[in-house]
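Residue strings, one per chain:
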Amino acid sequence: MKKLREFKLCRKCNKELSYGKFRERKDTGWTDINNKLRYTYCRECEKKRFKEAYKRNPIPQMLSNSKIRAKAKNLAHNITTEDIKKVWPKDNICPVLKKPFEMGFKLGKTKSMAPSLDKIIPNKGYIRGNIVVISDIVNRLKSDASLEDLKKILNFYIKNEYK
Ligand SMILES: [Zn+2]
């Protein structure tokens, strides 16, 4: 018979934690008191592991995010890890702001200088020849704005038109 546990030692941090501190999984794992399978690493350790892997190599996460965004917005997607590597700035510097990328998180979100995949022409989607790696802050500011609108934004602030 399976052993049903309420508490379990996390294989990573070695803390004895209640079953709710471990994520559920379908295929394999240990069995909690409700007869559900759980991961052997606690949620906190999983998060840490994810962040460390991201810092070492952010490309898998960037690729996965782009697939999710393409699906949600019904955009084309045919890029691979290799395509991202090809357009990666060699000096690890954001080509727009000329500041180095920072692989990391702040308050649960990627940092402003985290590398981010941008679609040069937004509605063409994530296809070869239409992607560039820039800092997250630039990507967020640009969003889906056209070059014309970006110029208007810049002019608005340069000319102090809000006064
Ligand atoms: Zn743990």
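As the structure is a computational prediction, the values presented were derived from the model and not from experiment.

## A word on helix α1 (residues 43–56)
Compared with the 20 Å implied by 1.5 Å per residue over 14 residues, the 20 Å span of α1 between its first and last C-alpha is a close match. Buried within α1 are the following residues: C45, E46 and Y54. Buried-residue contacts for α1 involve α2 (59–73), β5 (105–106), β6 (109–110) and β7 (115–119).

## A short note on helix α5 (residues 147–158)
Here α5 is twelve residues long and its end C-alpha atoms lie 16 Å apart, about the 16 Å a rise of 1.5 Å per residue gives. N160 sits one or two positions beyond α5 and adopts a positive phi of about 55 degrees.

## Some words on the pairing of strand β8 (residues 131–135)
By the criterion of burial, β8 is predominantly enclosed, with four of the five residues buried. Inspection of the sheet shows β7 paired to β8 by five bridges, in the antiparallel sense. Pairing of P115 across the sheet is with S135, part of β8.

## Notes on the coordination of the zinc ion
Within the protein, the zinc ion binds to C10 (SG), C13 (SG), C42 (SG) and C45 (SG); these donor distances fall in the range 2.3 to 2.4 Å. Taken together, the four donor atoms coordinating the zinc ion span angles of 101 to 120 degrees at the metal, a pattern that classifies the geometry as tetrahedral. The sequence pattern describing where the donors of the zinc ion fall on their chain is C-x2-C-x28-C-x2-C. Residue C10 is found in the loop between β1 (7–9) and β2 (16–18), and its partner C45 is found in helix α1; the two are separated by 35 residues along the sequence. Just as C10 is buried, C45 falls in that class too.

Cut-off values and rules
- Residues numbered from 1 in each chain as written.
- Predicted model: local features only at pLDDT ≥ 70, side-chain atom pairs only at ≥ 80, totals over all residues.
- Heavy atoms only, no water.
- Helix = DSSP H or I, 4+ residues; strand = E, 2+ residues; numbered from the N terminus.
- Expected span 1.5 Å × (residues − 1).
- Buried < 20%, exposed > 50% of the residue type's maximum accessible area, 1.4 Å probe, protein only.
- Contact = heavy atoms within 4.5 Å.
- Pairing = 2+ DSSP bridges.
- Donors = N, O, S within 2.8 Å, 3.2 Å for Na, K, Ca; no water.
- Tetrahedral: all angles 85-135°; square planar, octahedral: opposite > 155°, others 65-115°.

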